[in-house]
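Examining the three-dimensional arrangement
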Amino acid sequence: MSNNDDNTNFGLSRRQMLGGLGVIGVASAGAGLGTTAYFSDEESFTDNRLEAGPLALNVEQKVVRINQDGIGPDELRYFHDDDANGEAHVPEEIEIVDAKPGDEYEFCWHVEIEGNPGFAKVCFDADEQTGYEAGNVSADDLHNVDDNDDMVTIGEAANATATLKLADETEVVIYENGLNGLFGALGSCIAVPAGEEEFCHQPGEPVELCVEIEIPTDVGNELQGAVSTFGVNFHAEQCRHNDLGSFLGQEADTAVGEGFLTVEESFAQSSMTARGRFGAGGGPQTWEVGIWESTQTDDETDYAWQDGETVPFSFEYDADADESTFDLDGAVVTASGGEPQGRMGIMAKADDATIEVENLELVDDAGTSISLVGPDGVTATNDGSGRDLRYLVANTSPALLADGFTLTGDVTVTLGSDYDTDAEEGVAFDVVIE
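Residues numbered from 1 in each chain as written. Predicted model: local features only at pLDDT ≥ 70, side-chain atom pairs only at ≥ 80, totals over all residues. Heavy atoms only, no water.

**Here's the deal with the side chain of Asp352**
Test applied: Strands here mean DSSP runs of E at least two residues long; helices mean DSSP runs of H or I at least four residues long; both are numbered from the N terminus. The buried label goes to any residue with under 20% of its type's maximum accessible area, the exposed label to any with over 50%, and the partly exposed label to all in between, with areas taken from a 1.4 Å probe on protein chains only. The convention is simple: Lys and Arg are positive, Asp and Glu are negative, and His and the chain ends are not counted. For this document, the term salt bridge refers to a Lys or Arg side-chain nitrogen within 4 Å of an Asp or Glu carboxyl oxygen. In this analysis, two residues are considered to be in contact whenever any of their non-hydrogen atoms come within 4.5 Å of each other.
Mapped onto the secondary structure, Asp352 falls in the loop between strand E21 (344-350) and strand E22 (353-364). Put simply, Asp352 is tucked away with no salt bridge, and the nearest opposite charge, on Arg387, sits 11 Å away. Setting aside anything within four residues of it in sequence, one finds Asp352 in contact with Asn382, Asp383, Gly384, Leu415, Gly416, Asp418 and Tyr419.

What follows is the structure, given as structure tokens:
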């Protein structure tokens, strides 16, 4: 059996900032002086100055704790007998060269915005290899490991807990599961909160992000030789004239078109459809608000529309419950399922009427905005034969929506003079999740 060391390297890009740009301008204003004895005055404004304010992100990296039973080389490297309970401030990369089952590590990053309020985000860039993939060892060298495919990475073997200490000393656990899951969560970057429901950091109010890693004692030789390398990168941008979704890169392009949404955009399938169609509530229409996963309808209810009145709506997918809810101005329907597989869209239909769906906003399960880049609404209108069919498609991805989301907006129905009030679906709109 080969006794190869495990190797783990932690690297940090410590400082990224938004630089300032200085602009100097001169302006003047005055009241005209005439030839008659009118009251007059003159004021001048010279040497005016417009200068961009600073924004700086300061990050301090620390090794807080290493438990290798007092004899491991990493523990001895960072902690000596006289300061074993202290903290090691590490300006360069943290390097762990001898991780073994039972070992525990804690690393912290002290994050502070300077100059002006700013958003902050943290991103992990991980590269994981088993001992065999790294070329350090093979199953033939190891006791109780039958095949190279049975070998595991450190991310697969270790547990991780991420904790955020806020400026008011409140501690919030933001992740607690496998290390691989933490790599996945941070691979696309997450916002560093400034408070329990606040993401805009004020200057001089630092927060501290800490990650604890534990390799369970029941992990065996399948871990030998594994290598885990990951970088930790912090970024900052100003809060002013900015939104968190754009900063995080959470955005989806939108476009409008004519025809049936699912046909024109070649939706693979519809995970969930919700519909609001005009009616008086309890009239010739069997329902005005409905929702379904495959065939109409899993749930439905009445709603009395008011001609020309703008009302709110929302569509929410709860990933934990695997449940979708559609709310049209307080008329609520719910159905099981709806896990997004790709895009989403709004389908608008009008016959001798106009329907306007506008002010669309999309947020993830944490309430973070997903910026819609392009049109934020769609209108269908018709004053003749047939129906006008219009749609808006948002090019979202499953990864962006997998943990849940909420789509909100406003809808207005205006009837034409020839509108058939007995029609079940003369004017309607759908929320369609691919």
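Structure's up, so let's keep going.
**What about a negative patch on the surface?**
Just so we agree on the cut-off: Residues with no salt bridge and a relative accessible area higher than 30% make up the patches, which join like charges within 9 Å and nonpolar side chains (Val, Leu, Ile, Met, Phe, Trp, Tyr) within 5 Å. For accessible areas, the Shrake-Rupley method is used with a probe of radius 1.4 Å. Any residue's cover is judged against the shown protein chains and nothing else. To locate a charge, take atom NZ for lysine, CZ for arginine, CG for aspartate or CD for glutamate.
A surface patch of like charges, here negative, comprises Glu293, Asp298, Glu316, Asp318, Asp320, Asp322, Glu323, Glu339, Asp365 and Asp403. Structurally, Asp365 is set in the loop between E22 and strand E23 (369-373).

**With respect to unusual backbone geometry**
Although it is not a glycine, Glu169 sits at a positive phi angle of roughly 75°. A positive phi angle, close to 55°, is found at Ser266, a residue other than glycine. Structurally, Ser266 can be placed in the loop between helix H5 (261-264) and strand E15 (272-277). Relative accessible area serves as the criterion here: at 55%, Ser266 is assigned to the exposed category.

**Thoughts on the nonpolar core**
To keep it simple, the criterion reads: Throughout this description, the term nonpolar core refers to a set of buried Ala, Val, Leu, Ile, Met, Phe, Trp, Tyr and Cys residues connected via side-chain atoms within 4.5 Å.
Ile96, Phe107, Phe124, Leu179, Leu182, Leu223 and Phe234 are the most contacted members of the largest nonpolar core, which has 42 residues in total. Excluding its chain neighbours within four sequence positions, the residues that come into contact with Leu182 are Phe124, Ala160, Ala162, Tyr175 and Val211. Residues Phe278, Ala394, Phe405 and Val411 belong to the second largest nonpolar core, which totals 40 residues.

These figures capture arrangement, not role.
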